[in-house]
Amino acid sequence: MQKKIKAALISVFYKNGLEKIVDQLQKNHVTIYSTGGTQDFIEKLGVTCIPVESLTSYPSILGGRVKTLHPSVFGGILGKRNDDTHLAEMKQYNIPEMDLVIVDLYPFEETVKTTSDESLIIEKIDIGGPSMIRAAAKNHRDVVVVAAKNDYPLLVDILETQAGETTLDQRRTFAIKAFDVCTAYDTAISSYFNNISIETPFNKEKKALRYGENPHQAATFFGNLDEVFNQLHGKELSYNNLVDTDAAVQIIREFPTPPVGGGGAVFAIIKHTNVCGVASGTTVKESWDAALAGDPESAFGGVLVSNTTIDVATATAISEIFFEVLIAPAFDEEALKILQSKKNRILLQLKLADLPGMQYKSLLNGILLQQNDEGNYAEWKETGGRETTAEEKENLAFSNIICKHLKSNAIALVKNKQLIGKGCGQTSRIDALRHAIEKSKQFNFDLNGAVLASDAFFPFDDCVKIAHAAGITSFIQPGGSIRDNDSIEYCKNNNLAMVITGMRHFKH
């Protein structure tokens, strides 16, 4: 159902990018209504503009709080063009039809980031904007609504190629985007008043993916990946690539980029969001070799990530296996050439980007929202039969971070800052431990002197006993069980070190 745009209402906070739209509206002989600063902007372009006040007979009042909230404005947006009663009432009250509504919202989230002055923040809670956006989206059978400047190019293209006419599918697409914008805006305001630090993704760019987790599932990504990394080579990231890439970025953020020649190079291998290999070494090649040795079978087809520059030696070694994605802060020129030898390899240069501080999960008929799991331990409480050594401290802290990034129930076995065994996604902690020990044996690791991290408390002393029998001599766990003392006493009686952190790291 084609609809011709004859009249447009434009009221925006951000004016950049509006010029091309105004130019096309003028070429298509569209009547433009506007307010305040937007009206001034349009008139400076040499385009005639009708002030909204001429419809409402009221000026902008209460410091700009009330300017568009009037039946003459909302009647023109909400009036149904196929309803004779609506049309008659609009004619009776001299209400013009609005076929296009271009409205953005006061920068609430930006204001929250730049000031703690609540009076300033509250003034950036938009009232008229969301109302007009929702009204136009509701009446999308007759009205086009554009609620974000990211959609300006699409509107310009429609105006240029379709002579100011739109299809119902196009109007519906714009309406969906508009409702997304309002949802994100309201969520941000609610979160502010609930003292939740939140960055909502729904008002960001939207990109359709080839498919979802499986080929029969449709999928969309909200956000701008260019803010996180530069893609230097390879095919388009798939849904599963993005999920594993996120897991890779989350773990490598735990390890800052080391100074040149200063050691502390970390390499991790991700498979189905779990860490299957990770190690810290003096050089990036050394950390890669150790990470791969941790589980060379699972590394096939994985997502690789480093906290330091990929050099030629490492690139040559990596090229010997099949992988989906490689992420690093930088690549040596010759190393990049080696890695680009296979056309589908995805090479990502990681930027220093601030990632959202919140996590979302849709379930049942709603959405769960929680803060990110930040930090390693809340306390370092030595509770075993002896104090941990300096080397054990380093390995325990390292293993606890690794365990944090494994699916629960999770156990991580570490030696010399190398993951040598892991059990994850198990329904019991003792099964996770058995898996971790079997993995270490599969690849011929010596567990004598190794350390163990658990993402949650030991409900019984059975895990400590089994691990001790395998050669493990120190443990780190959050504690919190009513039977914590069982494991602590076993460690005391057998000269084993145990650290209680007071911070659980469940990951579901």
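For the structure itself, look to the data block above.
Bear in mind that the values here come from a model prediction, so they are computed numbers and not experimental data.

Engineer: Describe the overall build of the protein, with residues and values.
Structural biologist: The helix and strand tally for the protein stands at 18 helices and 23 strands. With the C-alpha coordinates of the protein rotated into their principal frame, the extents come out at 90 × 55 × 40 Å. Expressed as a percentage of its 508 residues, the buried residues of the protein come to 48%. Relative to all contacts within the protein whose residues are 6 or more apart in sequence, the contacts with residues 24 or more apart total 58%. Summing over all exposed atoms, the protein offers an accessible surface of approximately 24,400 Å²; the carbon and sulfur share of this is 51%. The average position of the 52 basic charges and that of the 62 acidic charges among the side chains of the protein differ by 4 Å.

Engineer: Help me get a handle on unusual backbone geometry, residues and values and all.
Structural biologist: Omega for the bond connecting S408 with N409 falls within 30 degrees of zero, at -10°, which places this linkage in the cis form. A positive phi angle, close to 50°, is found at H272, a residue other than glycine. Assignment of secondary structure puts H272 in the loop between β11 (265–271) and β12 (274–281). For N495, which is not glycine, the phi torsion reads 55° and is therefore positive. Tracing the chain through its elements places N495 in the loop between α18 (484–493) and β23 (497–500).

Engineer: Give me the sheet that holds strand β3 (residues 31–34): which residues, what numbers.
Structural biologist: Sheets are built from strands paired through backbone hydrogen bonds, the pairs being either parallel or antiparallel. The parallel open sheet is built from 5 strands, whose spatial order is β4-β3-β2-β5-β6. Unpaired on one side and paired on the other, β4 (50–51) and β6 (144–146) mark the two borders of the sheet. Relative to β3, strand β2 (residues 7–11) is paired through 4 bridges, and the arrangement is parallel. The residue bridging A7 from the neighbouring strand is T31, located in β3. Across the sheet, helix α8 (residues 128–138) is in contact with β2, β5 (100–103) and β6; its angle to β5 comes to roughly 150°.

Engineer: Lay out helix α1 (residues 19–27) in plain terms, naming residues and giving numbers.
Structural biologist: Residues of α1 that are buried include every one of I21, V22, Q24 and L25, and no others. When α1 is viewed along its axis, its buried side chains cluster within an angular range of 165° and face the same direction. Across from the buried face of α1, at angles greater than 90 degrees, the exposed residues are K20 and K27. Elements that come into contact with the buried residues of α1 comprise β2, β3, α2 (36–44), β5 and α9 (152–161). Remark: H29 follows α1 within two positions and exhibits a positive phi of approximately 60°.

Engineer: I'd love a proper account of the side chain of T314, names of residues and values included.
Structural biologist: Residue placement: T314 occurs in helix α13 (residues 312–318). Contacts of T314, omitting those with residues within four sequence positions, involve F267, V284, K285 and W288.

Engineer: How would you summarise the environment of S362 if you had to cite specific residues and measurements?
Structural biologist: Its location among the elements puts S362 in strand β16 (residues 358–363). Along the sequence, S362 and L433 sit 71 residues apart, while their C-alpha atoms lie 31 Å from each other.

Engineer: If you had to explain a nonpolar patch on the surface to someone new, which residues and values would you point to?
Structural biologist: On the surface, a nonpolar cluster with roughly 260 Å² of combined accessible area is contributed by Y360, I367 and L369. The residue I367 is located in strand β17 (residues 366–371) in this model. For I367, a relative accessible area of 55% translates into the label exposed.

Engineer: Go over the pattern of salt bridges with me, naming the residues and quoting the values.
Structural biologist: The final tally for this structure, using the stated rule, is 20 salt bridges. Its salt-bridge partner being D142, residue K3 comes within 3.0 Å of it at the nearest N-O pair. Of this pair, K3 sits in strand β1 (residues 3–4) while D142 sits in the loop between α8 and β6, placing them 139 residues apart in sequence. When its relative accessible area of 22% is taken as the criterion, K3 is described as partly exposed.

Engineer: Give a detailed account of the packing of aromatic side chains, specifying residues and quantitative values.
Structural biologist: Applying the stated criterion to the full structure yields 8 aromatic pairs. Ring geometry for F108 against Y185: centres 6.4 Å apart, planes inclined by 70°, an arrangement best described as edge-to-face. In this pair, F108 is assigned in helix α6 (residues 108–114) and Y185 in helix α10 (residues 168–193), connecting sequence segments 77 residues apart. A single burial state applies to F108 and to Y185, both of which are buried. The structure contains a cluster of three or more aromatic residues connected by ring pairs, namely F13, Y14 and Y106. The residue whose ring lies beneath K149 is Y14, and the NZ or CZ to ring-centre distance is 4.9 Å.

Engineer: Quick one: what's the story with the packing of α1 against α9, residue by residue and with numbers?
Structural biologist: With their axes 9 Å apart at the nearest point, α1 and α9 run at an angle of 20° to one another. Judged on the interaxial angle alone, α9 and α1 are roughly parallel. Note that α1 runs across α9; the crossing there is left-handed. Residues K20, I21, Q24 and L25 of α1 form the contact with α9, whose participating residues are Y152, L155, V156, L159 and E160.

Engineer: Give a description of the environment of G421 that names residues and reports values.
Structural biologist: With respect to the helices, strands and loops of the structure, G421 is situated in strand β20 (residues 418–423). Overall, G421 belongs to the buried group, its relative accessible area being 4%. Non-local contacts of G421, meaning those with residues more than four positions away in its chain, are made with I411, A412, L413, A436, K439 and S440.

Engineer: An account of the pairing of strand β19 (residues 411–415) is requested, with residue identities and associated values reported.
Structural biologist: Among the 5 residues of β19, 4 are classified as buried, and the element is accordingly described as predominantly covered. Direction of pairing for β19 relative to β20: antiparallel, over a ladder of 5 bridges. For K415, the partnering residue across the bridge sits in β20 and is Q418. Connecting the antiparallel pair β19 and β20 is a turn made up of 2 residues, with N416 showing a positive phi of about 55°. Bridging between β19 and strand β21 (residues 451–454) involves 4 bridges; their strand directions are antiparallel. When the bridges of β21 are listed, V414 appears paired with V451.

The rules behind each value
Residues numbered from 1 in each chain as written. Predicted model: local features only at pLDDT ≥ 70, side-chain atom pairs only at ≥ 80, totals over all residues. Heavy atoms only, no water. Helix = DSSP H or I, 4+ residues; strand = E, 2+ residues; numbered from the N terminus. Buried < 20%, exposed > 50% of the residue type's maximum accessible area, 1.4 Å probe, protein only. Contact = heavy atoms within 4.5 Å. Areas by Shrake-Rupley, 256 points an atom, 1.4 Å probe, with all protein chains shown as cover. Lys, Arg positive; Asp, Glu negative; His and termini not counted. Charge placed at Lys NZ, Arg CZ, Asp CG, Glu CD. Pairing = 2+ DSSP bridges. Axes fitted to C-alpha atoms, helices over the stretch in contact; angles between N-to-C directions. Arc of directions from axis to C-beta. Patch = residues over 30% accessible without salt bridge, like charges linked within 9 Å, V, L, I, M, F, W, Y side chains within 5 Å. Salt bridge = Lys/Arg side-chain N within 4 Å of Asp/Glu carboxyl O. Phe/Tyr/Trp six-rings, centres within 6.5 Å; stacked < 30°, edge-to-face > 60°. Lys NZ or Arg CZ within 6 Å of the ring centre and 35° of its normal. Parallel < 35°, antiparallel > 145°, perpendicular 65-115°, else oblique. Left-handed = near helix turned anticlockwise from the far one by under 90°.

The values reported here are purely geometric and, on their own, carry no functional implication.
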